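# Summary of the model geometry
Chain residues, written in single-letter form:
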Amino acid sequence: MRELERNRDAEASSALHRLAVIGDGRTGGSVTHAARAAGLDVHVGRRGTSAATASLAEVALLCVPDRSIASACAELAEADPLPAYVGHVSGAAGLDVLAAARRRGAETFTLHPLQTIPTPDTDLAGAPAAVSGSSPAARDVAAALARRLGMVPFDVPEEHRAAYHAAAVLASNFLVTLEESATELLTRAGVADARAVLAPLVLRSAANWAEAGSAALTGPIARGDEDTVRAHLAAVRALAPKLEPTYTALAERTRAIAERGAAPSSQDWTTGGTPVNAPQVIRTREELRRALEPARRSGRRIGLVPTMGFLHEGHASLLRAARAGCDVVVMSLFVNPTQFGPNEDLAAYPRDEAADLAMAAATGVDVVYAPDAAHVYPAGYATSVEVGGELTQVLCGDPRRRGSAHFRGVTTVVAKLLNAVGPDVAFFGQKDAQQAIVIRRMVRDLDFPVEVVVGPTVREPDGLAMSSRNVYLEPDERVRARALNQALSAVADAARAGETDTSRALALGHKILTDAGIDPEYLEARDADDLTLAARFGDRPVLVAVAARVGRARLIDNVVVESPQPGAGAAAEVAR
Ligand SMILES: Nc1ncnc2c1ncn2[C@@H]1O[C@H](COP(=O)(O)OP(=O)(O)OP(=O)(O)O)[C@@H](O)[C@H]1O
Ligand SMILES: CC(C)(CO)[C@@H](O)C(=O)[O-]
Ligand code: BAL
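About the thresholds
Residues numbered from 1 in each chain as written. Chains lettered and ligands numbered in written order. Predicted model: local features only at pLDDT ≥ 70, side-chain atom pairs only at ≥ 80, totals over all residues. Helix = DSSP H or I, 4+ residues; strand = E, 2+ residues; numbered from the N terminus. Buried ≥ 20, exposed ≤ 12 C-beta atoms within 10 Å, placed from the backbone. Contact = placed C-beta atoms within 7 Å. Near = placed C-beta within 6 Å. Pairing = 2+ DSSP bridges. Axes fitted to C-alpha atoms, helices over the stretch in contact; angles between N-to-C directions. Right-handed = clockwise from strand over helix to strand, strands pointing away. pLDDT = per-residue confidence, 0-100. Core = buried A, V, L, I, M, F, W, Y, C linked by C-beta atoms within 7 Å. Domains from an automatic or database assignment. Nonpolar A, V, L, I, M, F, W, Y, C, P; charged D, E, K, R; others polar. Expected span 1.5 Å × (residues − 1). UniProt positions renumbered as here; feature names shortened; annotations may be inferred. Parallel < 35°, antiparallel > 145°, perpendicular 65-115°, else oblique. Left-handed = near helix turned anticlockwise from the far one by under 90°.

Okay, the overall build of the protein chain next. Along the protein chain, the regular secondary structure elements total 21 helices and 16 strands. Within the protein chain, the fraction of its 576 residues that count as buried is 39%. Across the protein chain, the fraction of contacts at a sequence separation of at least 24, relative to all contacts at a separation of at least 6, is 68%.

Below is the structure:
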């Protein structure tokens, strides 16, 4: 368990002594067994007497059929005193069905064991449990209760409750449907005891998938053997025509998964890898402060990675660096409107929160802070933070380009994020080199007590710097976009070979861009610390930076040409 979670679990566990379990069916029975084994004082109640039972406990858990939760909750809400926390164990229902208890002042939660529970004494140990709460404290009580019952809690955002339950149905109920369909086809083909024949294959495939994700996919579709697929369809049509649409739909889905496995997309964070904990998703700074308070109090090192989402391997490298260096990792996810100009791509900016959360989970993020714009900039908002001078007026800050207003938007939101999170370390990417320099200056000038770490630029195999905006590129533009990195490499190579005149080296880069049909907004050599123009390589580290529009995408990239080591020729660090 991570440190933050451990602290919160300890606090939440202290609220957990007396538990009322309402309902003595299969789930109620199994929960009661596990809770007693864990040393909780358990009171079991039924409909009719649930209010009296619940009044004996701090936490009440409704283990009743979905359709009865709301009415059972209304009955329980008559308890005097009312338990501080009231939850249910349904997968499909959200917090809304507990409104009666909420109205009376209880916090509410859900705790859904993601496991089949065939008998009232099913062992719940090791089962994942989906938890949510009407407040961070209620969510923590649900997570602590799940742990006390031997389960492994994970968070499900309330707005994605139905998707969560649909996924569980796909994974479990539909698996049975699929196996029953296979059994039917095999039986019609004249094979006796089809279930016994298929069962070892099913169990092995499920185990392989649990271990390897989509890499477990074998068979004709994964091999690209479409002749065999056509023969299958003919056989299905002849023996069990009702199964044809199922086979066709699954074949199509399998093709998509097989293709994805062959060439993993930079947005695909969901397959393979080890099981991961979902991060806590927080939308307000008040909730954020509460969530981070125990970590702060116990002196844990908090890392912040600010992002605008649509995450790729560049972001992942920063998240991993934060994970490696900090006890608690917070990622912010906010497409900041104030750093976009009126004619820029704010509305079109790519967004995929579900994929971002999966990547956050895969890289070990503890908390995702994803406020909406009205929370960050409420009505009447009137303050901005601006780094003055050349730093924000050259390169992208030139008024003919994004202008200093862009950096004002960036520093304002970063200042707000630093205040909201209070990190010990904040991580930024070298791909946005000017942004990193500007943020370092703001942190220095305004005495923010934070260490700024800048991670190296992560690139596609052909050298293109990863960027969320690469998604705008059409296939031919994607090929031409390589010229940005090629131009930078040519400039750096020239410096390494002894060229000291930056304008002569830059001319080589300009030629590469022109040959690729790219007219850059700028390709310039500047001092890597203060962004003043650099006429020579060799004296100090020089930032060679480029920005260009390729199709709809405005792309930026850079390389730092270091000053030579004593005794060496002009050395260059080429970001490749
Ligand atoms: N290729 C990359 N390598 C390392 N860090 C990166 C890379 N791309 C972005 N980052 C860093 O990730 C953080 C969040 O950036 P952001 O969400 O704007 O992504 P982006 O890909 O730069 O998007 P955009 O296309 O808007 O420039 C920033 O600190 C940025 O510098
Ligand atoms: C730092 C940042 C998250 C501020 O919105 C943004 O400029 C970015 O993603 O680089
Ligand atoms: N990647 C820096 C944020 C922006 O382009 O607005």
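With respect to spatial proximity, 18 residues lie near ligand 1, and among them Gly314, Gly429, Asp432, Met466 and Arg469 are the closest. Mapped onto the shell around ligand 1, the elements with two or more residues apiece are α14 (313-325) and β12 (425-429). In terms of residue count, α14 provides more of the shell around ligand 1 than any other element does, four residues in total.

Below, the discussion takes up the sheet that holds strand β6 (residues 128-133). The mixed open sheet is built from seven strands, whose spatial order is β2-β1-β3-β4-β5-β6-β7. Looking along the sheet, the strands with just one partner apiece sit at the ends: β2 (41-45) and β7 (152-155). On average, each strand axis in the sheet is inclined to that of its neighbour by 25 degrees, with strand direction left out of account.

Moving on, we come to the pairing of strand β9 (residues 302-307). Across the six residues of β9, six count as buried, placing the element largely inside the fold. By the alternation rule, side chains of β9 split into Ile302, Leu304 and Pro306 and Gly303, Val305 and Thr307, which are all buried. Across six bridges, the pairing between β9 and strand β10 (residues 328-333) is parallel. If you follow Ile302 over to β10, its bridge partner there is Val328. A crossover links β9 with its parallel partner β10, the connecting element being α14, and its sense is right-handed. Pairing analysis gives two bridges linking β9 to β12, with the strands arranged parallel. When the sheet's bridge partners are listed, Gly303 is paired in β12 with Val425.

Moving on, we get to the confidence of the model for the protein chain. Residue-level pLDDT values for the protein chain average 91, and 92% of them are 70 or greater. A low-confidence stretch, residues 262-275 stays under pLDDT 50, and its non-local contacts, those more than four residues away or across chains, total 19 contacts. We note a pTM of 0.59 for the whole complex and an ipTM of 0.97 for its interfaces.

Turning to the sheet that holds strand β14 (residues 522-527), a few remarks are in order. Pairing in this open sheet of three strands is antiparallel, and the strands run β14-β15-β16 from one edge to the other. This sheet does not close on itself; its edge strands, each paired only once, are β14 and β16 (553-561). The mean inter-strand angle of the sheet, taken between neighbouring strand axes irrespective of direction, is 15 degrees. Two elements, β14 and strand β15 (residues 542-550), share six bridges in a ladder whose sense is antiparallel.

A separate point is the nonpolar core. Ranked by internal contacts, the top residues of the largest apolar core, which has 84 residues, are Val368, Ala487, Val491 and Val544. Here this core takes nine residues from helix α20 (residues 482-496), the largest share from any one element. No fewer than three residues from each of domain 3 (280-455) and domain 4 (468-561) sit in this core. Every residue in contact with Val368, bar those within four places of it in the chain, is listed here: Pro279, Val281, Ile282, Met331, Leu333, Leu357 and Ala360. Listed in part, the 50 residues of the second largest apolar core include Cys73, Tyr85, Leu98 and Leu149.

Taken together, Met308, Gln339, Asp432 and Gln435 are the residues near ligand 3. The residue inventory of the shell around ligand 3, partitioned by class, reads one nonpolar, two polar and one charged.

Now for unusual backbone geometry. A cis geometry characterises the amide bond from Asp80 onward to Pro81, with omega recorded as 0 degrees. Despite not being glycine, Leu395 has its phi angle at roughly 50 degrees, a positive value. Secondary-structure assignment places Leu395 in the loop between α16 (373-376) and α17 (404-421). A tally of 24 C-beta atoms within 10 Å means that Leu395 is categorised as buried.

What follows covers helix α11 (residues 226-239). An ideal rise of 1.5 Å per residue puts 20 Å on 14 residues; α11 measures up with 20 Å between its terminal C-alpha atoms. With respect to burial, α11 is a largely exposed element, only one of its 14 residues being buried.

This part is about the pairing of β16. The pairing of β15 with β16 spans nine bridges and is classified as antiparallel. Following the sheet pairing, Val542 is matched in β16 by Val561. What sits between β15 and β16 in their antiparallel hairpin is a turn of two residues, with Gly551 showing a positive phi close to 60 degrees.

Here we take up the UniProt feature "active site" (unreviewed entry) in the protein chain. Within the UniProt annotation, "active site" (unreviewed entry) is assigned to His315. Within the secondary structure, His315 is located in helix α14.

For helix α15 (residues 353-362), the complete set of buried residues consists of Asp356, Leu357, Met359, Ala360 and Ala361. Structurally, α15 contributes buried residues whose contacts are with β8 (280-282), α14, β10 and β11 (367-369). Positioned one or two residues after α15, Gly364 has a phi angle of 85 degrees, which is positive.

With their axes 8 Å apart at the nearest point, α20 and helix α21 (residues 502-515) run at an angle of 155 degrees to one another. By the angle class used here, α20 and α21 are roughly antiparallel. When the axes of α20 and α21 are compared, the crossing they make is right-handed. Contact residues: α20 offers Ala483, Gln486, Ala487, Leu488, Ala490, Val491, Ala494 and Ala495, while α21 offers Ala505, Leu506, Leu508, Gly509, Ile512 and Leu513. For the contact of α20 with α21, the class distribution of residues is twelve nonpolar, two polar and no charged.

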